[in-house]
Each structure stands twice: as structure tokens, then as C-alpha cells.
Amino acid sequence: MMPITARPETPSQPDRALTFTTGTYFGGVDVSEALAHEMAMYHVAGDGSGILPASWRNLNFRRLVGAPFTPSRQPTAPSTDTLTLRVDDDGVSFVLHNRAAGNVAVAGGMLHIMPAGVFQRAFCRPPRRPTSTCGAT
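Residues numbered from 1 in each chain as written. Predicted model: local features only at pLDDT ≥ 70, side-chain atom pairs only at ≥ 80, totals over all residues. Heavy atoms only, no water.

**Some remarks on the overall build of the protein**
Of regular secondary structure, the protein possesses two helices and eight strands. In the protein, the succession of α and β elements from N to C terminus is β-α-α-β-β-β-β-β-β-β. The buried share among the 137 residues of the protein stands at 16%. Contacts in the protein between residues far apart in sequence, at least 24 positions, make up 48% of those at least 6 positions apart. (Helix = DSSP H or I, 4+ residues; strand = E, 2+ residues; numbered from the N terminus. Buried < 20%, exposed > 50% of the residue type's maximum accessible area, 1.4 Å probe, protein only. Contact = heavy atoms within 4.5 Å.)

Dropping the structure here:
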């Protein structure tokens, strides 16, 4: 699992930092996909007529994972995106990447800027230190 806690530094709490631990890309995908399927199971009308009102009732896995805006409760993979602008005589433009739904495991059908990437270790050996912290301590 790769829980990543993002806590902004503020004058009243100067010791806030990002904390990282080991995990995998699909650790986050597995949790996110299970949450999405559970939500769909209870909130997409069985007759295909639409979406039912959202509720946490019956969402046992969602309750186990906790609030969706508490990243320390679930695997989260950091990523980066870079907007590359092209300026020429015709004006300014940029490239969008189309995540073709038939070719990707997650986020199919999305358009997003590129280059983009999710950070993950390139090997499966355990790290030398189990945890590292970036930021003020």
C-alpha cells in the first residue's frame, strides 16, 4: 500500500509535511476500482434509467476506507503533469493525450495534458529505509 499524506504547511502548524511509504500503482487502483464498483452497485438504477441519489448507506467498503478526502486512509500515488505550450505564428497551442478506454486499465476516455506520469519504484526490492519524509520536521 502507498498511503501518502499531504498536509499543507501553515504558520500555526509549521511541522506539516508529506509522508511517503512503499506501495504499488495497482495498490491504489485496486482500492479505487472497488470503491467505484460498490458505488455503482447501489446507485446506478438496475433498469438503466439513471443514477440514484448518493448515500453511504450500504457502502461497507467505503466506510472501511473512510472519508474520500483523507488521503492517509487509502493508497494514493503521486503524479506529475506538465503543460507544454507551443507558440508559433498561429497562436498558442498544446497537446492533449487521449486515454483510449480499450488500451488502459484506468481513466479510459479521459483527455489530459502531457507529459504526465505516476511515480513508482522501478524494482521490487525492499527500500533501505521503510519511510522517508519530505518537508519540515
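**Re helix α1 (residues 25-43)**
In this model, α1 (19 residues) spans 27 Å end to end at C-alpha, consistent with the 27 Å of a helix rising 1.5 Å per residue. Buried within α1 we find Gly 27, Gly 28, Val 29, Val 31, Leu 35, Glu 38 and His 43. As for α1, its buried residues are in contact with α2 (60-65). (Expected span 1.5 Å × (residues − 1).)

**Comments concerning the side chain of His 43**
By the element assignment, His 43 lies in helix α1. Ignoring any residue separated from it by four or fewer positions in sequence, one finds His 43 in contact with Gly 50, Ile 51, Leu 52, Pro 53, Ala 54, Ser 55 and Leu 59.

**Notes on unusual backbone geometry**
The phi torsion at Asn 58 lies on the positive side, around 75 degrees, for a residue other than glycine. Within the fold, Asn 58 resides in the loop between α1 and α2.

**Some details on a nonpolar patch on the surface**
A cluster of nonpolar side chains, contributed by Leu 83, Leu 85, Val 87, Val 92, Phe 94, Leu 96 and Leu 111, occupies part of the molecular surface with about 700 Å² of accessible area. For the nonpolar patch, the secondary structure elements donating two or more residues are β3 (85-88) and β4 (91-94). Along the chain, the position of Leu 85 falls in strand β3. (Patch = residues over 30% accessible without salt bridge, like charges linked within 9 Å, V, L, I, M, F, W, Y side chains within 5 Å. Areas by Shrake-Rupley, 256 points an atom, 1.4 Å probe, with all protein chains shown as cover. Salt bridge = Lys/Arg side-chain N within 4 Å of Asp/Glu carboxyl O.)

**Details of the environment of Thr 24**
Within the fold, Thr 24 resides in the loop between β1 (17-21) and α1. Given the relative accessible area of 44%, Thr 24 is considered partly exposed.

**Some details on the confidence of the model for the protein**
Across the protein, the average pLDDT comes to 75, with 72% of residues at 70 or higher. Low pLDDT (under 50) marks residues 1-9, which in the prediction has 41 contacts with non-local residues, meaning those over four places away or in another chain. (pLDDT = per-residue confidence, 0-100.)

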